[in-house]
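Coordinates in review
Chain residues, written in single-letter form:
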Amino acid sequence: MAEKKSVLGLPLLLLFIFISSLHLFICPFTKVEESFNLQATHDILYHRLDFDKYDHHEFPGVVPRTFLGPLFLSMLCSPFVSLSSLLEAPKFYTQLIVRASLGFCVIGALWHMQREVRRQFGSTVAGLFCLTCASQFHLMFYSTRTLPNVFALPIVLVAFTSWMAQKHGWFISLSALVIIVIRSELCILLGLMLLMALLSRRLGLLQLVYYAAPAGLLSLALTVAVDTFFWRKLLWPEGQVLWYNTILNKSSNWGTSPFLWYFYSAVPRALGCSLLFVPLGLLDRRMRLLLLPTVGFILIYSLLPHKELRFIIYTFPVLNLAAARGCSFILCNYQKSWMYKLGSAVVVGQLLINSLYTSVCLYVSHHNYPGGRGIQELHRLLPATAGVFVHIDTFAAETGVSRFLEQNKNWRYDKREDISATSPEIQVYSHLLMEANITKIQQLRNTHRPLAYIEGFNNIAFSTAHFPPVRVHLGMKAVLMESKTWEATPRET
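Structure report, in brief.

For the protein, the count of helices and strands is 19 helices and five strands. For 493 residues, the compact-globule estimate of 2.2 N^0.38 gives 23 Å, and the C-alpha radius of gyration of the protein, at 25 Å, lies within 12% of that figure. Dimensions of the protein, computed from C-alpha atoms along their principal axes, come out at roughly 75 × 60 × 45 Å. Every one of the 493 residues in the protein was classed for burial, and the buried ones make up 51%. Here the analysis covers contacts within the protein between residues at least 6 apart in sequence; of these, 76% occur between residues at least 24 apart. About 23400 Å² of surface is accessible on the protein, with carbon and sulfur atoms providing 64% of the total.

See the structure below:
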């Protein structure tokens, strides 16, 4: 029986790895939200003890973030990075290694969760859970993204699995770690789980204190010690983030959404057609208990005006579990009537529709990083020995450019934010990577000329006159400018 489970499980694990890797290789660049953790990981791997060169001193961000995540990721992927360096591979491949390492952590946590699902609900539900997660765009797309939410995701999934298995010591310890160090708002989700364990009397108050006190103190001491060292000031990063986002409500500066936005926009987009099977899964009383803290978290967190889909990414696997349970009701009764046979076809069809939607989103996302594509194009067009001094504007830095893409040691890269098209200092740059803004290009006509234009996603159009009826339109999003006085002469070192 154990051998049969292993044979059935291996293809699903390989499917997880393949789908996550596919998203990584099709969309290898990153956005501004991922920049701190990615740049910090780069600096730990390459600058090591030369702390003055670390990126966060020049670009600290709105609020400080913990270095514990980048430190862990650096240790995890350092053997592969060392091998890559020995082979003299471009640093860009190190970025892929770093992101793949994070992706394997997420996949490992999902796989750990499915094993508990298999134990409690059977192999059919576990298999459907894996297929549902793999078919959806956002969960797999974000699995390799160096966002604080994604660093928290594996810990939350393991904590949730421990809660399912009533392993309260692990649940409480992991909850303390992820709340205090990475994402403080998870006190809502994990706190609701803890409350249910207390109310059901599966966990006592003394037992709670026994596990929570040392875990909380150790987590707080760890983050304060490490981050005080890296930031050069006494600091608890997640405490400052909590104060900034929740108490001061400054996160609203980045936009607000209606109270129910998570329910009518984020969750339907993340789950796709699988959402239709969640109500059917609730026929199982055990699923209602599992979903209660999940829905409660989304409802309470909706009180915060600033909303993003990634803020509730921890809830998607739990909702997928309910959907998988709903699908299993239909598939397990396949032989009973033609209605169940039709329902089984719908179950398979929704996975195919999810996959089709994922393919469209992946194609769009591939063209959504003009900055990253632009810096690679510059490296392709110019010799590595040339004396290049390139300025990367805010748009390019926010759409794909990272320190991992600064691959030529003879070149100088500058991300100063106080430079404009009309600044006299712009003349010192041999090249500019900037937004394809006609006004700015015209302002630079006396000093620089366009070298190459970089296409990016513009919009999606639907038309029944074409097949397929979906058309993705691209437009010029970034431009490489070259100084009119620059010559491709080798730079003296």
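Having put the structure on the table, let's press on.
This paragraph deals with the packing of aromatic side chains. Applying the stated criterion to the full structure yields 23 aromatic pairs. Feature note: the residues F36, F51, Y54, F67, F229, F230 and W231 constitute an aromatic cluster, connected by ring pairs. When the ring centre of F329 is taken as reference, the NZ or CZ atom of R325 above it lies at 4.2 Å. Sitting over the face of the ring of F389, R412 holds its NZ or CZ atom 4.1 Å from the ring centroid.

In this section: helix α12 (residues 261-271). Residues that lie three or four places apart on an α-helix share one face, since the helix turns once every 3.6 residues. Where α12 is concerned, the buried positions are W261, Y262, S265, A266, V267, A270 and L271. Check the buried side of α12 and you find it contacts α6 (137-142), α13 (278-281), α14 (285-301), α15 (316-331) and α16 (338-366).

The two faces of strand β1 (residues 389-392) match: F389 and H391 on one face and V390 and I392 on the other face are all buried. Here β1 pairs with strand β2 (residues 412-414) via three bridges, running parallel. For F389, the partnering residue across the bridge sits in β2 and is R412. Relative to strand β3 (residues 431-435), β1 runs parallel, the two being bridged by three bridges.

Let us now look at the packing of helix α7 (residues 148-164) against α14. One can describe the packing of α7 onto α14 by two numbers: an axis separation of 12 Å at closest approach and a directional angle of 140°. Taken as axis vectors, α7 and α14 run oblique relative to one another. Every pair of crossing elements has a handedness; the one defined by α7 and α14 is right-handed. Two secondary-structure elements touch here, α7 through F160, W163 and M164 and α14 through L289, L290 and P293. Each residue belonging to the contact of α7 with α14 can be placed in one class, and the counts come to six nonpolar, no polar and no charged.

Rules and cut-offs
- Residues numbered from 1 in each chain as written.
- Predicted model: local features only at pLDDT ≥ 70, side-chain atom pairs only at ≥ 80, totals over all residues.
- Heavy atoms only, no water.
- Helix = DSSP H or I, 4+ residues; strand = E, 2+ residues; numbered from the N terminus.
- Rg over C-alpha atoms; globule rule 2.2 N^0.38 Å.
- Buried < 20%, exposed > 50% of the residue type's maximum accessible area, 1.4 Å probe, protein only.
- Contact = heavy atoms within 4.5 Å.
- Areas by Shrake-Rupley, 256 points an atom, 1.4 Å probe, with all protein chains shown as cover.
- Phe/Tyr/Trp six-rings, centres within 6.5 Å; stacked < 30°, edge-to-face > 60°.
- Lys NZ or Arg CZ within 6 Å of the ring centre and 35° of its normal.
- Pairing = 2+ DSSP bridges.
- Axes fitted to C-alpha atoms, helices over the stretch in contact; angles between N-to-C directions.
- Parallel < 35°, antiparallel > 145°, perpendicular 65-115°, else oblique.
- Left-handed = near helix turned anticlockwise from the far one by under 90°.
- Nonpolar A, V, L, I, M, F, W, Y, C, P; charged D, E, K, R; others polar.

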